[in-house]
Amino acid sequence: MAVAARDLRHERQHARRPRLALAPPVSRTARGRTTAKKSHVASSRPRCASRSVARNNYRMLAVVVIVLMTLGMGRVWLSVQAAEASLESYELRRGIKAERYKGDMLEIQQSALSSPSRIRAIAGATMDMTTAGEATVLDLPPEALPRRVASQPKTTSTFERVLADAMGLAAGEAQVLLVGDVGLASAR
């Protein structure tokens, strides 16, 4: 049931296409009949007019497209700028919130570190300080106080000056120790 083979090379040589030629332009007359144009010079003016109109239309279309493209690019640029500003403001708000949180934490730490009970405990543990016993307050009227005369220099002995300097030095050292222990205790 096989089909006989055909020689296609022989058929292709005889099946050549006819040569095509360019036909003269055809125009319609007022009655609707078509006639071939005989001269190209007579019809060049209407073609030039239609070509110039087409060129003007093309130029106008190109100008409109360029204007719309420019407006679109401007809109995109403005949108990008607005998005960048929005991101920057978000970052600033987030930074402000973080800094406020840090400030609140520092205030809480400061109030915890400066509580009188904590200072009393550190002073008692490190410097063997205790609370004062009974205290007596004397309220003297200003007339009972001795008056100092500004013209007389205060005479103090060398011993009194050395003793006052030693007491001031000891008070300063106690203050440094207390502040130092407070700082060390807060780091724990």
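Counting of residues starts from 1 at the beginning of each chain's written sequence and follows it residue by residue. It should be noted that, the model being predicted, local features are given only for residues of pLDDT at least 70 and side-chain atom pairs only at 80 or more, the latter also being counted only at that level, while totals for whole chains, interfaces and linings use all residues. Excluding hydrogens and water, the side-chain figures rest on all heavy atoms present in the structure.

S.K.: Hey, could you run me through the pattern of salt bridges in this one?
M.R.: Any two side chains of opposite charge can pair if their charged atoms end up close together. For salt bridges, the criterion is a side-chain nitrogen of Lys or Arg within 4 Å of an Asp or Glu carboxyl oxygen. If you walk through the whole model with that rule in mind, you get 2 salt bridges. Between Glu 99 and Lys 102 there is a salt bridge, with its nearest N and O atoms 3.7 Å apart. Residue Glu 99 and its partner Lys 102 are located together in helix H2 (residues 44-113), separated by 3 residues, close to a single helical turn. Helix and strand definitions follow DSSP, with helices as H or I runs of at least four residues and strands as E runs of at least two, each counted in order from the N terminus.

S.K.: In this structure, what is going on with a positive patch on the surface? I would like to understand it.
M.R.: Taken together, the side chains of Arg 47, Arg 51, Arg 55 and Arg 59 present a region of like positive charge at the surface. We classify Arg 59 as exposed; its relative accessible area is 53%. Two distance rules govern patches: like charges are joined within 9 Å, and nonpolar side chains (Val, Leu, Ile, Met, Phe, Trp, Tyr) within 5 Å, applied only to residues with over 30% relative accessible area and no salt bridge. Only the protein chains shown count as cover for residues, and all accessible areas are computed by the Shrake-Rupley method using a 1.4 Å probe. Lys and Arg are tallied as positive, Asp and Glu as negative. Neither His nor the chain termini are counted. Where a charge sits is defined by one atom per residue type, namely NZ (Lys), CZ (Arg), CG (Asp) or CD (Glu). Relative accessible area decides the class of each residue, using a 1.4 Å probe on protein chains only: under 20% of the type maximum gives buried, over 50% gives exposed, and in between gives partly exposed.

S.K.: How do you make sense of helix H3 (residues 116-127) when you look at a structure like this?
M.R.: One turn of an α-helix holds 3.6 residues; hence residues three or four places apart share an orientation. Between its first and last C-alpha atoms H3 spans 16 Å; for 12 residues at 1.5 Å apiece the expected length is 16 Å, and the two agree. Within the span of H3, buried status applies to Arg 118, Ile 122 and Ala 123. Buried residues of H3, seen end-on, are gathered within an arc of 130° and therefore sit on one face of the element. Seen from the open side of H3, the exposed residues pointing more than 90 degrees away from its buried face are Pro 116 and Arg 120. After H3 finishes, the residue Asp 128 shows a positive phi value of roughly 50°. Expected helix span is given by 1.5 Å per residue-to-residue step, counting one fewer step than there are residues. The arc in question is the one spanned by the directions pointing from the helix axis to the C-beta atoms.

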